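Examination of the molecular architecture
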Amino acid sequence: MDNNNRRIALVTGSTGGLGTAICQKLHDEGFRVAANFNNPDKAKKWYEAQQAAGYTFDMFQGNVSDYESVGMMVKEIEEKIGSVDVLVNNAGITRDRPFHKMSKEDWDAVIATNLTSVFNCCRHLIDGMRTRNYGRIINISSVNGQRGQFGQANYSAAKAGMHGFTKTLAVETARKGITVNTISPGYVATDMVMAVAEEVRNQIIEGIPVGRLGGTEEIAHLVSFLASEKAGFITGANYAINGGQHMY
Ligand code: CAA
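Below, the structure is looked at part by part. Small disclaimer: the values here were computed from a predicted structure and weren't measured.

Here the focus is the packing of helix 1 (residues 17-28) against helix 8 (residues 216-227). Running from N to C, helix 1 and helix 8 point in directions that differ by 50°, and their axes come no closer than 8 Å. In terms of their interaxial angle, helix 1 and helix 8 are classed as oblique. The way helix 1 lies across helix 8 gives a crossing that is right-handed. Of helix 8, the residues touching helix 1 (which contributes Gly17, Leu18, Ala21, Ile22, Lys25 and Leu26) are Thr216, Glu217, Ile219, Ala220, His221, Val223, Ser224 and Ala227. Across the contact of helix 1 with helix 8, the residue classes break down as 8 nonpolar, 4 polar and 2 charged.

Per the counting criterion, the structure on display carries 11 salt bridges. Note that Arg7 and Asp85 form a salt bridge whose closest N and O atoms lie 3.2 Å from each other. With Arg7 in the segment before strand 1 (8-11) and Asp85 in the loop between helix 3 (67-80) and strand 4 (86-89), this residue pair connects regions lying 78 residues apart in the sequence. Among the residues examined, Arg7 registers a relative accessible area of 26% and is labelled partly exposed. Two residues, Arg97 and Asp106, come together in a salt bridge whose shortest N-O distance is 3.1 Å. Of the residues examined, Arg97 reaches a relative accessible area of 34% and is grouped as partly exposed.

A word on the environment of Glu172. Relative to the helices and strands, Glu172 is located in helix 5 (residues 153-173). Along the primary structure Glu172 and Val74 are separated by 98 residues, whereas in three dimensions their C-alpha atoms are 22 Å apart.

The next subject is the pairing of strand 4. Neither face of strand 4 is exposed, since Val86 and Val88 on one face and Leu87 and Asn89 on the opposite face are all buried. Bridging between strand 1 and strand 4 involves 3 bridges; their strand directions are parallel. Its bridge partner lying in strand 4, Val11 is registered against Val88. Bridge count for strand 4 against strand 5 (residues 135-140) is 4 bridges, and the pairing is parallel. Within the sheet, the bridge partner assigned to Val88 lies in strand 5 and is Ile138. Running through helix 4 (residues 104-132), the crossover from strand 4 to the neighbouring parallel element strand 5 is right-handed.

Calculation notes
- Residues numbered from 1 in each chain as written.
- Predicted model: local features only at pLDDT ≥ 70, side-chain atom pairs only at ≥ 80, totals over all residues.
- Heavy atoms only, no water.
- Axes fitted to C-alpha atoms, helices over the stretch in contact; angles between N-to-C directions.
- Helix = DSSP H or I, 4+ residues; strand = E, 2+ residues; numbered from the N terminus.
- Parallel < 35°, antiparallel > 145°, perpendicular 65-115°, else oblique.
- Left-handed = near helix turned anticlockwise from the far one by under 90°.
- Contact = heavy atoms within 4.5 Å.
- Nonpolar A, V, L, I, M, F, W, Y, C, P; charged D, E, K, R; others polar.
- Salt bridge = Lys/Arg side-chain N within 4 Å of Asp/Glu carboxyl O.
- Buried < 20%, exposed > 50% of the residue type's maximum accessible area, 1.4 Å probe, protein only.
- Pairing = 2+ DSSP bridges.
- Right-handed = clockwise from strand over helix to strand, strands pointing away.

Put into structure tokens, the structure is as follows:
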């Protein structure tokens, strides 16, 4: 498809497990994908691997936890490829420790990368979306933002915070053709989940009724559904996608 006619989707944290699957799926669905990264060395290798697999993405560096950095990245995207129609706030980190061992740095890093990043990206893109009367914002939260998880006071707080943010922004932008939704994946086969000690991870998997980890492509499928033009009546929603691990 002609690049000029493709809707542009910005995916933060593109080089991670979920980010990769989301970029690929949106590309397959016809989007021009602006892939955000923060680590140039990792991004270079990732880009080459994606090209080898038949995917061409437009790469943009930016630290999502830094307001100014995101502002510069958005300006660069607009100058080089155009206005962003779809924003997927996917970037996230963990610093898992029981709360009595959690440092202020562990707390600040996770809140900044997982939650303040959502403010930073939305704030820099919302004026353009409002002007154009169109936008799709998809925030990647977690099952652990819906329930407590041993070792994740920082992560759970950030991921739960996304829900309040999503609902308010959805209300404020509903008349402007912009939808804002949250997806709450459970345990998916990514490096982040594989970093959990095997014994702990196996116990977690035992508690998933479907009996396995999720696939990254299963999450990406839901993202692409919410990113589509036809999903215009869905806003302020939270989609649980966790193999039945948590039902509410
Ligand atoms: N519930 C209650 N007690 C628990 C527990 C749980 N789920 N897990 C461990 N404990 C207990 C242990 O039995 C042990 O007790 P004793 O001291 O009496 O023996 C104690 O807590 C272990 O405490 P430690 O201080 O030794 O803990 P630690 O410093 O080794 O840290 C941990 C443990 C790293 C947090 C580990 O529990 C862990 O990795 N938990 C899983 C965290 C997790 O699920 N992270 C998700 C990452 S993926 C992701 O985040 C993506 C997503 O959205 C799903």
